[in-house]
Structure formats: structure tokens, C-alpha cells
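For reference, the chains in residue letters:
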Amino acid sequence: MKLSHYAKQLGVTYRTAWNWYNAGKLSGYQTPTGTIIVTETNAVSAQTPNRSTRTVVYARVSAAGNKSNLESQTRRLLDYCAAKGYQVEQVVREIGSGVNDRRPGLLKLLRDESVGRIVVEHKDRLTRFGFNYLEALLKMQGREIEVINLTENGKEDLVEDFVAIVTSFCARLYGQGRSKRKTERLIAELQKSE
């Protein structure tokens, strides 16, 4: 099977599959024209990994205006997984608030017990609140969340979380249009007080 087809089948970029091939994690050969052929036995075994090694990457941004960040975040996650030797079976990308507990991609991922490892860039990409609860529950099922970057920016994250909560409550109380104006005023007031 061509390396490009193999990458598509696993839901990873060609570059990630190429890195795996160069690192010796995939057996195959290169034709005189330069095409890389992955042997069928690896392709089949990669399609049916066991739960303990089945890895899924989760990337999230808060707004549609950050789509470019979503793509670069995904690229970093896939590169990390390639460097660790993980074969990524699926990539889940979402646009939505980290406070929102109704994100369909994340909910589906959490319900899928066949996923053994969820890789995220930062804890807040998975959820703004309750990360430790999710981690504990998944551990009880023999699953794990792997966070690439554990550094936290306390003050900025706290302000972002506060704004997200206020936005969420305002949206529920006053509707989307009014909440946006109220949130903008609140943000302006918070920025003045810094």
C-alpha cells in the first residue's frame, strides 16, 4: 500500500507517516520512482490496534477565527505522536469554548472505550474545568490522557476562564446578542484594572 494511502487510512498527515517510515516504525520499501510502499501486514495491524495502544489526538480552539491555530495545533500533536512512536488512529478537531460541556467530538471520544490514549497539547484544550475528574475516570477504565505541554500561564488563563464563564452565563440569561456586548464591556473593564 502506498504511504499516502496508509496515512489517509490512519487519519494522519503524509509527513507523519513519512517520519514513521524514516524512523523505522513502518516496514516497507521505496520504489525507484521514490514511492514508498508500506507492507500489508503493518497496514492491517495498524487498523486494528488494541485498546492500550489506540491513540487519538484532540485539538480545540475557542472561535472559528482561530482555524489556522487549530491546524498548527493538530500538526504539533501529530509530530509529537510520531516522535513518541504512537500510531494515531483518529484526529478530533473542534471549535468551541472549553467551558462548553456539550462538544460532540469530545463526548464521542470520551464514550469510545476502545481509545486507550487521548493526546492533547494543553489541559485547557480538553476542558477548562474538571480535567482531573476526566483523567481519574479514564484511568479507572485503563485509559489515559497525555498532555504535551504542562506549563500554565496562571494570570492570563484565569482571566480567560473568568471571561468564558461570564460569557456562558450571559448567553443563557440575555441571549447571544446582548451577552456579546456585555462581555465586551466586562473585558474592557478587566483590561483597565490590570
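Before reading further, recall that the structure is shown in the block above.
A brief structural summary.

### Some remarks on the pairing of strand S4 (residues 88-95)
Phase 1: Where strand S3 (residues 55-61) meets S4, seven bridges bridge the pair, whose relative direction is parallel. Opposite Tyr58, over in S4, you have Val92 as the bridge partner.
Phase 2: Read from S3 through helix H4 (residues 67-84) to S4, the crossover connection turns out right-handed.

### Details of H4
Within an α-helix, residues lying three or four positions from one another point in the same direction, as the helix has 3.6 residues per turn.
Phase 1: Relative to the 26 Å expected for 18 residues at 1.5 Å per residue, H4 spans 26 Å between its end C-alpha atoms, a close match to the ideal helical length.
Phase 2: Where H4 is buried, its residues touch helix H2 (14-22), S3, S4, strand S5 (117-120) and helix H6 (123-126).

### A short note on the pattern of salt bridges
Phase 1: Summed over the entire model, instances satisfying the criterion amount to nine salt bridges.
Phase 2: Arg117 is the partner of Glu144 in a salt bridge, and the nearest nitrogen-oxygen pair spans 3.1 Å. Highlighted residues: Glu144 in strand S6 (residues 144-147) and Arg117 in strand S5, separated in sequence by 27 residues.
Phase 3: Under the relative-accessibility criterion, Arg117 is labelled buried at 10%.

### What about the nonpolar core?
Phase 1: In terms of nonpolar packing, the biggest core is built from 23 residues, with Leu3, Tyr6, Val12, Trp20, Leu26, Val57 and Val88 touching the most fellow members.
Phase 2: At the level of elements, helix H1 (3-10), H2, strand S2 (36-38), S3, H4 and S4 are the ones that each hand at least two residues to this core.
Phase 3: The leading source of residues in this core is H4, at five residues.
Phase 4: Residues Val92, Leu109, Val115 and Val147 belong to the second largest nonpolar core, which totals 13 residues.

### Details of the packing of H1 against H2
Phase 1: Look at H1 against H2: their axes get within 8 Å of each other, and the N-to-C directions meet at 115°. Considering the angle they form, H1 stands roughly perpendicular to H2. Of the two elements, H1 crosses H2, and the hand of that crossing is right-handed. On H2, the residues touching Leu3, Ser4, Tyr6, Ala7 and Leu10 of H1 are Tyr14, Ala17, Trp18 and Trp20.
Phase 2: When grouped by side-chain class, the residues that make up the contact of H1 with H2 number eight nonpolar, one polar and no charged.

### Examining the packing of aromatic side chains
Phase 1: Under the criterion given, the structure shown has zero aromatic pairs.
Phase 2: Seen from the ring of Tyr86, Arg117 lies directly overhead, with NZ or CZ sitting 3.8 Å from the centre.

### Overview of the sheet that holds S3
Phase 1: As summarised here, the arrangement of the four strands in space is S4-S3-S5-S6, forming an open sheet in which the pairing is parallel. A strand with exactly one partner marks an edge of an open sheet, and here the two such strands are S4 and S6. The mean inter-strand angle of the sheet, taken between neighbouring strand axes irrespective of direction, is 25°.
Phase 2: As paired elements, S5 and S6 share four bridges and run parallel to each other. Note on S6: the bridge partner recorded for Arg117 is Glu144.
Phase 3: Each of S5 and S6 is contacted by helix H7 (residues 131-140), which is oriented at about 135° to S6, the strand it contacts most.

So, how was this worked out
Residues numbered from 1 in each chain as written. Predicted model: local features only at pLDDT ≥ 70, side-chain atom pairs only at ≥ 80, totals over all residues. Heavy atoms only, no water. Pairing = 2+ DSSP bridges. Helix = DSSP H or I, 4+ residues; strand = E, 2+ residues; numbered from the N terminus. Right-handed = clockwise from strand over helix to strand, strands pointing away. Expected span 1.5 Å × (residues − 1). Contact = heavy atoms within 4.5 Å. Salt bridge = Lys/Arg side-chain N within 4 Å of Asp/Glu carboxyl O. Buried < 20%, exposed > 50% of the residue type's maximum accessible area, 1.4 Å probe, protein only. Core = buried A, V, L, I, M, F, W, Y, C linked by side-chain atoms within 4.5 Å. Axes fitted to C-alpha atoms, helices over the stretch in contact; angles between N-to-C directions. Parallel < 35°, antiparallel > 145°, perpendicular 65-115°, else oblique. Left-handed = near helix turned anticlockwise from the far one by under 90°. Nonpolar A, V, L, I, M, F, W, Y, C, P; charged D, E, K, R; others polar. Phe/Tyr/Trp six-rings, centres within 6.5 Å; stacked < 30°, edge-to-face > 60°. Lys NZ or Arg CZ within 6 Å of the ring centre and 35° of its normal.

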